[in-house]
Amino acid sequence: PSASPTAMRRILPADMVERGTCPFDPPTGLRERRGQGAVQPLHLLNGAQAWLVTGFEEARTVLADPRFSADKVRHRDATSLQPHEVAEAAPPPAVESREDGFFVFMDPPEHTRLRRLLTGQFTVRRMRELESRVTEIAIEHIEAMKAAGTEADLVPAFALPLPSLVICELLGVDYADREEFQERTAIGLNANSGEEERAKAGLELYAFMQRLVAGKRAKPADDLLSGLVHDADPPLTDAQLVDVALVLLGAGHETTANMLGLGTFALLEHPEQLAALRADPGLIDNTVEELLRFLTIIQLGVNRVTTEPVTLGGVDIPADATVVIATPEVNRDAQHWPEPDRLDLLRPRTPHLAFGHGVHQCLGQQLARVEMKIGLGELFTRLPDLRLAVPADQVPLRDEMLIFGVHSLPVTWS
Ligand code: HEM
């Protein structure tokens, strides 16, 4: 648990934030609300009124319908769940101009332009090159763990550095600067750091990105950021480029890290499933997809604001209303998955909402899949008797964070 109450705790009823006895099941309050309808009013602790969506179809409708805006900056007055309050994991909003390129919080057509520029940089060639780097990074870290002993905290030893170094590759951060980058990022994103410490790290990270962008402008290399500096027509401003880099950092870092940490925890706690994966390594793609569904780590961050009155699932929602999608419940919809609460690696693959849906659907999903597939694959192959080093109920959970997962995962092997 974190040192200070987070925004999630200040705004959402406790039973929507705290997990029950099973660390992998959605909070009990979400579960109970699900029984009360696919769309329902939600009273926030600060007195504001929002709407909660727990149904799979209704959630897809919201994410595909332009009457539900992602522009939380323009609708600042409409919603109590503001970007900086929701995006607890993002670096602090210390610099005004960071909204310039925060396309996560933009609607078309502004969103479309930045998104297109970025998809143009996520090329097949670049992803393939990243794949071999992900493998090298994974092996390097697992072998370092083994060389250091028979026990480790998997989060700092493996789950966090892997996506962090992949982002470095993507953005083209020099090897010499990586330690500084990783240190600032870890402090900035860690809920356990003090508020001041986080704000300071956030500013330093912003300055780091400014230097990085200036460097790419002066001397382009073969990386995504250089591509954005030189391919965009009309060109992007430095402030936009810094924002885009920060979005990629925030969106691509804690997400994969927590899927690796929590995913490992879930597999260790489902030994029969892990045995099936060990018996047939070809199950890894299914494993990744089922873990994404079952764990749905973006627990409450997928929100929209209505631009006009809308009727959703038979419920009337006024204009300027905040709509919160209960993603972990949505991905346990019994109409879509038989026995949805079971982790079942053999389940036929059907679309889930762990990466969202519609125009904002996760830009990094292929990369995330590669990171999980290689990361988990190498981990369980190279540490064949990996197990928890503490009782399962002592693993500290990220209940109160926008992105669910484990704060640490003590593991051992022989
Ligand atoms: C968007 C989940 C990994 C970059 C999203 C959204 C979800 C999500 C649910 C939609 C948010 C919304 O509609 O409001 C995840 C999960 C990941 C992951 C579960 C890991 C398992 C990554 C990685 C990257 C990335 C590795 C990049 C390197 C992004 C970006 C967006 C996004 C840039 C915003 C797209 C837009 O607004 O157009 N992600 N993500 N994600 N993700 Fe991911």
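The protein chain has the name Cytochrome P450 in an unreviewed UniProt entry, where Nonomuraea rosea is given as its organism.

Observations regarding the overall build of the protein chain
Counting its regular elements, the protein chain contains 16 helices and ten strands. Computed over its C-alpha atoms, the radius of gyration of the protein chain comes to 21 Å, within 12% of the 22 Å expected for a compact globule of 414 residues. Taking the principal axes of its C-alpha atoms as reference, the protein chain extends roughly 60 × 55 × 40 Å. Split into buried and exposed, the 414 residues of the protein chain put 44% on the buried side. For the protein chain, the share of sequence-separated contacts (at least 6 apart) that also reach a separation of at least 24 residues comes to 71%.

A look at the site of the ligand
Around the ligand sit 23 residues in total, of which Gly252, Thr255, Gly356, Cys362 and Gly364 are the nearest. Of the residues forming the shell around the ligand, the biggest block, seven residues, is contributed by helix 12 (residues 238–268). Of the residues that constitute the shell around the ligand, the class distribution is 16 nonpolar, six polar and one charged.

Some words on the nonpolar core
Counting 107 residues, the largest nonpolar core has Val53, Leu171 and Ala245 as the members making the most contacts within it. The leading source of residues in this core is helix 12, at 16 residues. Setting aside residues up to four positions removed in sequence, Ala245 forms contacts with Leu171, Met209, Leu212, Val213 and Leu225.

Some points on the packing of helix 8 (residues 161–171) against helix 9 (residues 178–189)
For the pair helix 8 and helix 9, the least separation of the axes is 11 Å and the interaxial angle reads 125°. With respect to helix 9, the axis of helix 8 lies oblique. As helix 8 packs across helix 9, the resulting crossing turns out to be right-handed. Of the residues in helix 9, those touching helix 8 at Pro161, Ser164 and Cys168 are Arg178, Phe181, Gln182 and Thr185. The class makeup of the residues in the contact of helix 8 with helix 9 is three nonpolar, three polar and one charged.

Things to note about unusual backbone geometry
Negative phi is the rule for most residues except glycine; trans is the rule for most peptide bonds. The linkage connecting Pro108 with the following residue, Pro109, adopts the cis geometry, with an omega of 5°. Mapped onto the elements of the fold, Pro109 is located in the loop between helix 4 (83–86) and helix 5 (110–119). With omega at 0°, the peptide bond leading from Asp233 into Pro234 counts as cis. Looking at the secondary structure, you find Pro234 in the loop between helix 11 (224–231) and helix 12. If you check the backbone angles, Thr296 has positive phi at about 25° while not being a glycine.

Some words on the confidence of the model for the protein chain
In regions of low pLDDT, the predicted coordinates are not meant to be interpreted in detail. Scored by pLDDT, the protein chain has a mean of 88; 91% of the residues are at 70 or more. Segment residues 1–5 is flagged for pLDDT under 50; beyond a separation of four residues in sequence, or across chains, it makes seven contacts in the model. For residues 82–98, every residue scores under 50 in pLDDT, and the model assigns this stretch 44 contacts once sequence neighbours within four places are set aside.

Brief notes about the sheet that holds strand 10 (residues 410–412)
Here we have three strands laid out as an open sheet, ordered 4-10-9, and antiparallel in their pairing. Of all strands in the sheet, those bounded by a partner on one side alone are strand 4 (151–153) and strand 9 (387–388). Sheet topology places strand 9 next to strand 10; two bridges connect them, and they run antiparallel. Of the residues in strand 10, the one forming a bridge with Leu388 is Val411.

Examining the environment of Leu189
Mapped onto the elements of the fold, Leu189 is located in helix 9. Taking the C-alpha atoms as reference points, Leu189 and Leu117, 72 residues apart in sequence, are found 26 Å from one another.

Observations regarding the sheet that holds strand 5 (residues 303–306)
Here we have five strands laid out as an open sheet, ordered 1-2-8-5-3, and mixed in their pairing. Two strands close off the open sheet at either side, each with one partner strand: strand 1 (39–43) and strand 3 (68–69). One ladder, built from two bridges, connects strand 3 with strand 5; its direction is antiparallel. From the neighbouring strand, Phe68 faces strand 5, where its bridge partner is Thr306.

Some words on the packing of helix 12 against helix 14 (residues 284–295)
Where helix 12 contacts helix 14, the two axes come as close as 11 Å, and the packing angle between them is 95°. Relative to helix 14, the element helix 12 is oriented roughly perpendicular. Residues Met259, Leu262, Gly263 and Ala266 of helix 12 pack against Leu291, Phe294 and Leu295 of helix 14. Grouping the constituent residues of the contact of helix 12 with helix 14 by class yields six nonpolar, one polar and no charged.

Regarding helix 14
The end-to-end C-alpha separation of helix 14 is 16 Å, in line with the 16 Å expected for twelve residues at 1.5 Å each. Along helix 14, nine of the twelve residues are buried, which leaves the element largely enclosed by surrounding structure. What helix 14 keeps buried is the set Thr287, Val288, Glu289, Glu290, Leu291, Leu292, Arg293, Phe294 and Leu295. The elements touched by buried residues of helix 14 are helix 12, helix 13 (271–279) and helix 16 (365–382).

Digging into the pairing of strand 8 (residues 322–325)
Burial along strand 8 is two-sided: Thr322 and Val324 facing one way and Val323 and Ile325 facing the other are all buried. The pairing of strand 2 (residues 49–53) with strand 8 spans four bridges and is parallel. Pairing of Val53 across the sheet is with Ile325, part of strand 8. Here strand 5 runs beside strand 8; their pairing, made up of three bridges, is antiparallel. Paired with Val305 across the strands is Thr322, a residue of strand 8.

Rules behind the numbers
Residues numbered from 1 in each chain as written. Predicted model: local features only at pLDDT ≥ 70, side-chain atom pairs only at ≥ 80, totals over all residues. Helix = DSSP H or I, 4+ residues; strand = E, 2+ residues; numbered from the N terminus. Rg over C-alpha atoms; globule rule 2.2 N^0.38 Å. Buried ≥ 20, exposed ≤ 12 C-beta atoms within 10 Å, placed from the backbone. Contact = placed C-beta atoms within 7 Å. Near = placed C-beta within 6 Å. Nonpolar A, V, L, I, M, F, W, Y, C, P; charged D, E, K, R; others polar. Core = buried A, V, L, I, M, F, W, Y, C linked by C-beta atoms within 7 Å. Axes fitted to C-alpha atoms, helices over the stretch in contact; angles between N-to-C directions. Parallel < 35°, antiparallel > 145°, perpendicular 65-115°, else oblique. Left-handed = near helix turned anticlockwise from the far one by under 90°. pLDDT = per-residue confidence, 0-100. Pairing = 2+ DSSP bridges. Expected span 1.5 Å × (residues − 1).

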